[in-house]
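# Understanding the architecture of this molecule
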Amino acid sequence: MPFLDISPLELIALLALAVMLFGPDKLPGAVQGVARTLRQFREFTRNAQNDLKKELGPEFQDLELTDLHPKNFVRKHVLGPDGAEDPAFREIRDITQTLNGEIRGAADGTRRLAADDATPDDALYRAPAPRLAAGERPPFDADAT
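Here goes a summary of the coordinates provided. Everything numeric in this text was worked out from a predicted model, so none of it was measured. (Residues numbered from 1 in each chain as written. Predicted model: local features only at pLDDT ≥ 70, side-chain atom pairs only at ≥ 80, totals over all residues. Heavy atoms only, no water.)

## Observations regarding the overall build of the protein chain
When you go through the protein chain residue by residue, the secondary structure sums to four helices and zero strands. From first element to last, N terminus to C terminus, the protein chain shows the α and β order α-α-α-α. Burial statistics for the protein chain: of 145 residues in total, 6% are counted as buried. (Helix = DSSP H or I, 4+ residues; strand = E, 2+ residues; numbered from the N terminus. Buried < 20%, exposed > 50% of the residue type's maximum accessible area, 1.4 Å probe, protein only.)

## Remarks on a positive patch on the surface
There is a patch of like positive charges on the surface, built from Arg36, Arg39, Arg42 and Arg46. Within the element layout of this structure, Arg39 appears in helix α1 (residues 8-56). Residue classification places Arg39 among the exposed residues on the basis of a relative accessible area of 51%. (Patch = residues over 30% accessible without salt bridge, like charges linked within 9 Å, V, L, I, M, F, W, Y side chains within 5 Å. Areas by Shrake-Rupley, 256 points an atom, 1.4 Å probe, with all protein chains shown as cover. Salt bridge = Lys/Arg side-chain N within 4 Å of Asp/Glu carboxyl O. Lys, Arg positive; Asp, Glu negative; His and termini not counted. Charge placed at Lys NZ, Arg CZ, Asp CG, Glu CD.)

## Some remarks on α1
Between its first and last C-alpha, α1 extends only 44 Å over 49 residues, short of the 72 Å set by a 1.5 Å rise per residue. The largest bend along α1 measures about 105° and falls at Lys26, with the proline Pro28 one to four residues further on. Along α1, the positions that sit buried rather than exposed are Ala18, Gly23, Leu27, Gln49 and Lys53. Gly57 sits one or two residues past α1 and shows a positive phi near 105°. (Expected span 1.5 Å × (residues − 1). Bend = angle between axes of the 7 residues up to and from the residue.)

## Quick look at the layout of surface pockets
Quantified by volume, the largest pocket comes out at close to 190 Å³. Surrounding the largest pocket, Leu14, Leu15, Ala18, Phe22, Leu27, Ala30, Val31, Val34 and Ala35 form its lining. In terms of residue class, the lining of the largest pocket is made up of nine nonpolar, no polar and no charged. (1 Å grid on protein atoms, 1.4 Å probe; cavity = no way out; pocket = protein on both sides within 12 Å on 5 of 7 lines; lining within 4 Å. Points joined across faces, edges and corners; volume = space filled by probe spheres on them. Nonpolar A, V, L, I, M, F, W, Y, C, P; charged D, E, K, R; others polar.)

## Quick word on the side chain of Gln49
Mapped onto the secondary structure, Gln49 falls in helix α1. Gln49 has contacts with Leu63, Glu64 and Leu65, leaving out every residue within four places of it along the chain. (Contact = heavy atoms within 4.5 Å.)

## Examining the side chain of Lys53
Topologically, Lys53 is positioned in helix α1. Given a relative accessible area of 14%, Lys53 falls into the buried group. What Lys53 contacts, discounting residues up to four positions off in sequence, is Phe60, Gln61, Leu63 and Glu64.

In structure tokens form, the structure reads like this:
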């Protein structure tokens, strides 16, 4: 298990910071306090999970707290315990993919029709402005300013 994705250099910096904050004489006590708190937290979560299993009944004996996360819950109940996809779910996914393909095709067709129907006036707005020659003044539109 990675240690919170901390690089060795970051770990050394954290240790140096801890020594500066607590001092070398109080650091072992602080580490023991943190370790004690982590053990108590793990024990609390283990007891809460056991109480939850006991209250829910024998049907939920294989319940894990990670199963309550929505993504894991859906994955477990849609794909099943062996990871095999439910046939009804496969049919829904196929229909969704088909509809998405048809929607993309219709959107592409609409874009092509819009490009074909472009008028010469539309080209004015898309064309880059011509470059001015050296010393040439830009056009002035009194109504626009």
